[in-house]
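Structural description and commentary
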Amino acid sequence: MPKQFRLTRAHRLAASGVILIILGSVALLLAGTRSTEATNVYAAASLRDAFQKIDGSDEIAYNFAGSGALRDQIEAGAPADIFASASPDEPQELFANGDCERPVTFATNEVAMLVPAGNPSRIQTVYDLETGNRKLAIGVADVPIGSYTREVLSGMGLLGILETNTVTEEQDVTGITSKVALGEVDAGFAYVTDGKIVADQGVRIVPLPAGSQPKVRYQICAVTRGGADTVGAEAYIKKVTGYQGRRVLSEAGFGLPPHPSPDGRR
Amino acid sequence: MRNQRHRSGEAGFTAFLALCAGVALTFLAVPIVALFWEAPLGEIPSLFGDPVVLDILTVTAKTNLIANLLIIGFGTPTAYLLATRDFRGRTLAVTLVELPVVLPPAVAGIGLLAAFGANGLLGGLLKDAGIMIPFTEWAVVMAVTFVASPFYVRQAITAFQSVDPLLPAASRTLGAGPVRTFLRVLLPLSASGLMAGWVLSFARGIGEFGATIMFAGNVQGVTQTLTLGIYQQLNGDFDLALAIGVLLVILSGAVLLTYKLFSSWRSSTSI
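Residues numbered from 1 in each chain as written. Chains lettered and ligands numbered in written order. Predicted model: local features only at pLDDT ≥ 70, side-chain atom pairs only at ≥ 80, totals over all residues. Heavy atoms only, no water.

A closer look at empty space enclosed by the protein
Unoccupied space between atoms shows up once a probe the size of one water molecule is rolled over them. Residue and element names in this part refer to chain A. Defined as follows: Points on a 1 Å grid, built from protein atoms alone, make a cavity when a 1.4 Å probe fits but cannot get out and make a pocket when they are open with protein on both sides within 12 Å along at least 5 of 7 lines; residues with an atom within 4 Å of a point are the lining residues. Grid points are joined across faces, edges and corners, and a volume is the space filled by probe spheres set on the points. Throughout this entry, Asp, Glu, Lys and Arg are counted as charged residues, while Ala, Val, Leu, Ile, Met, Phe, Trp, Tyr, Cys and Pro are counted as nonpolar. The remaining residues, Gly among them, count as polar.
Summed over the entire model, instances satisfying the criterion amount to one cavity of 30 Å³ or more. Within this model, the largest cavity holds a volume of roughly 70 Å³. What lines the largest cavity is a set of 13 residues, and nearest its centre among them are A44, A45, S67, V143 and V173. Here the residues of the lining of the largest cavity are counted per class, giving nine nonpolar, three polar and one charged.

Here we look at the sheet that holds strand β1 (residues 39–44) of chain A
Residues and elements named next belong to chain A. Rules: Whether two strands pair depends on DSSP finding at least two bridges between them. Runs of H or I in DSSP of at least four residues are treated as helices and runs of E of at least two as strands, each being numbered from the N terminus. A fitted line through C-alpha atoms serves as each axis, taken over the contacting stretch for helices, and the angle formed by two N-to-C directions is quoted from 0 to 180°. In this analysis, two residues are considered to be in contact whenever any of their non-hydrogen atoms come within 4.5 Å of each other.
If you trace the five strands from one edge of the open sheet to the other, you get β2-β1-β3-β10-β4, paired in mixed fashion. A strand with exactly one partner marks an edge of an open sheet, and here the two such strands are β2 (60–65) and β4 (104–109). Across this sheet, the average inter-strand angle for adjacent strands is 20°, counted without regard to direction. Of the pairings in the sheet, the one linking β4 to strand β10 (residues 216–222) comprises five bridges and is antiparallel in character. Among the inter-strand pairings, N109 is bridged to a residue of β10, identified as V216. Against the sheet, helix α4 (residues 89–96) touches β3 (82–85) and β10, its axis set at about 140° to β3. Docked against the sheet, helix α9 (residues 230–241) engages β1, β2, β3, β4 and β10, running at close to 150° with respect to β10.

A look at unusual backbone geometry
Rules: Only protein chains enter the accessibility calculation, which uses a 1.4 Å probe. A residue is then buried if its area is under 20% of the maximum for its type, exposed if over 50%, and partly exposed in between.
Residues other than glycine seldom take positive phi values, yet N119(A) does so here, at roughly 45°. As for its position among the elements, N119(A) is in the loop between β5 (111–115) and β6 (136–139). Accessibility expressed as a relative area gives 14% for N119(A), which makes it buried. Its identity as a non-glycine residue notwithstanding, F135(B) has a phi of 65°, on the positive side.

With respect to a nonpolar patch on the surface
Our working rule: Patch members must show over 30% relative accessible area and no salt bridge, and they are joined within 9 Å when carrying like charges or within 5 Å when they are nonpolar side chains of Val, Leu, Ile, Met, Phe, Trp or Tyr. Exposure was quantified through the Shrake-Rupley algorithm and a 1.4 Å probe, taking into account, for residues, occlusion by the shown protein chains and nothing else. Take a side-chain nitrogen of Lys or Arg and a carboxyl oxygen of Asp or Glu: if they are within 4 Å of each other, that pair is a salt bridge.
Taken together, the side chains of L182(A), Y231(B), L234(B) and F238(B) make up a nonpolar region of the molecular surface, amounting to roughly 350 Å² of accessible area. In this fold, F238(B) is placed in helix α12 (residues 238–264).

Focus: the domain arrangement of chain B
Residue and element names in this part refer to chain B. Stated precisely, the cut-off is as follows: Boundary definitions for the domains trace back to an automatic or database domain assignment. Accessible area, probed at 1.4 Å, shrinks when two parts are joined; the buried area is that loss added up over both.
For chain B, the assigned domains are domain 1 (1–38) and domain 2 (44–269). Contacts between the two partners involve four residues from domain 1, matched on the other side by five residues from domain 2. Taking both sides of the interface into account, the surface hidden between domain 1 and domain 2 amounts to around 420 Å²; carbon and sulfur atoms contribute 90%. Interface area lost by domain 1 to domain 2 is led by L35, F36 and E38, which between them contribute 91%. For the pair domain 1 and domain 2, the number of links is zero salt bridges. Within the side of domain 1 that touches domain 2, the residues separate by chemical class into three nonpolar, no polar and one charged.

A few points about the packing of aromatic side chains
Residues and elements named next belong to chain A. For clarity, the cut-off: Stacked, edge-to-face and tilted labels apply to pairs of Phe, Tyr and Trp rings (six-membered ring for Trp) whose centres lie within 6.5 Å, assigned for plane angles under 30 degrees, over 60, and everything in between, in that order.
What the rule picks out here adds up to 14 aromatic pairs over all chains. Ring centres of Y62 and Y236 lie 6.3 Å apart, and the angle between their planes is 65°; this geometry places the pair in the edge-to-face category. Of the two residues, Y62 sits in strand β2 while Y236 sits in helix α9, which places them 174 residues apart along the sequence. A single burial state applies to Y62 and to Y236, both of which are buried. Judged by centre distance (6.1 Å) and plane angle (80°), the rings of F106 and Y218 are edge-to-face. Residue F106 is found in strand β4, and its partner Y218 is found in strand β10; the two are separated by 112 residues along the sequence. Aromatic rings pair up to connect F51, Y62, F64, F106, Y148, Y191, Y218, Y236 and F254 into one cluster.

Right, dumping it as C-alpha cells:
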C-alpha cells in the first residue's frame, strides 16, 4: 500500500523557502538593472536628436515628450533630474513653485511648415491653406509648438485656416513629423530642426514669411526634489550650455543665445 | 403553395445571416491580416537584438511577473473568502472586485494618480515615507494589478463555488485542518478554473495601456511595456510598431488557445 502523504512542518518550511527564493530573485531582478544611477533628463521632443548627440552615454536616461506633459509629470513627482523645455513658460512655472532651480535659456528655434515627400497637395506657401480642405497636423494648444503655431498664424491673420484644415492635434512634435513623413497629412507645423531630422524621408520645409516668427526660447533647469541627482544635473547643464553642446545644437538647426543667459529673461 | 413560400423564406433568411456574418468577420479579420501583411516579418527575429525591444520585453516581463504574483497571492484568498463565506457587505465587496472590468482604463489611470500622485490623496504620506510611485516601475505593477485582478478573482470565485461543498466538509470530518483542506482538496478541484482565470488576467495585464501610460508614463527601460512601445514607435519607427503588434497578436493567440484548453479540462467535482 502506498505511503500516505502528510503535509509536515518540513514540507511547509520547504514551500516557504521556495516562495522566498522566487520573491528574492524578483527583488534582485528589480534592483539589478540600469538607471538607478543614471541622470534622468526630461526634455522636449524637438531635442531628441540633438541631446542624444550631446550625451548618448548610459549615464543619461532620456524621457522625450511634449513640454507640458513633462511639466505635469514633474509636478506629480516624477523622478526627473533635468527639465529642458521648448518654451520658458513651463520651467518658469516649476521655478515659481520651487520645483526646479532658476532656468537658463540655451537655444532658440523657428516654426516651419513641413510637407511630405513630393508635396502631393501642392502647397507652396502657407496662404495656400486658405482654400481649406487640406489635411493639417498641428500641436495641441497646451504644448509649445501648438501655442507658437497659433501665435504665428494669428500674427498673419490666418488663424482661420486651422478650423478648415486641421485633422489632428498632436501631443508633441514627433506626432506631427511622423504624420507628415508617412504622408497621412498634407502639411504640419513643427520646428525647422524637425524638418532637418525627417529630411531623409523626403519631408520638405515650406518657408514662412519673414517677420512672422514668434520668440521661441528653450530653457533648461535642474529639478529640485528629494533624491535628485544634482551633481549629474549640473554636469549635464554645463555640457548643453558649453562649447560642444552649442556646436551640436547649432548643427541641428537651433539658434543660440549670445551666451548662456542666467536670469532667464533674455 | 405555402411550402414554397417557406422554403424561399428559409433561404432568404439564411442569406441575410450569412451576409451579416460575412461583414462582421471580414471587419474583424482585416486589421489582423493587414498587420501581418504590412509588418516586416522577416526582420522580426533580429528584433530581439534591438536594445529598444530588449528594454520593452524586460520591463513587460518584470512588471507582469510581479503583478501576477500579487494577483494570485492576494486574489486567491480573497476569492475563497467571497466564494465560501457570507457576511454583511459581501455584495459590495464582490462589486468592488468586479468594478475594474467595466471601468475605462483611463479612469483607472487618473484614479491611481489621484490616489498615489505627489499631490494625491496619499501623496503627502508617501512623500514623508520617502516613497515615490508615479512614473516608476512600481506604477506599472500597480496599474497592471488594478486592471487585471478582477479577471482572476471573478473566475476564482466561480471555480471555488463550483466545488461540491460535501468534499471539503468530508475532509474536515476526517480531521484535516482548514489550511490542509484548502491546499489538498479545494485547490486541486478548482485548479482548472483558477488557471483559466489566471490566463485571462495575464492577457489583460500584458495588454494594459491606458492606466499605465497615465500613471507610469512611457519611458524606455523603466516603464515602457509592449503596448506603450507600439504607441511610442507610432511616431518613431513605424515598422517596429508593426513588428511589436505582430508579436502581441501571436501572444494573444497563444493565450486564447491556453484558455480554451484549461476550460475544457474538467476534473470530477462530485463523489
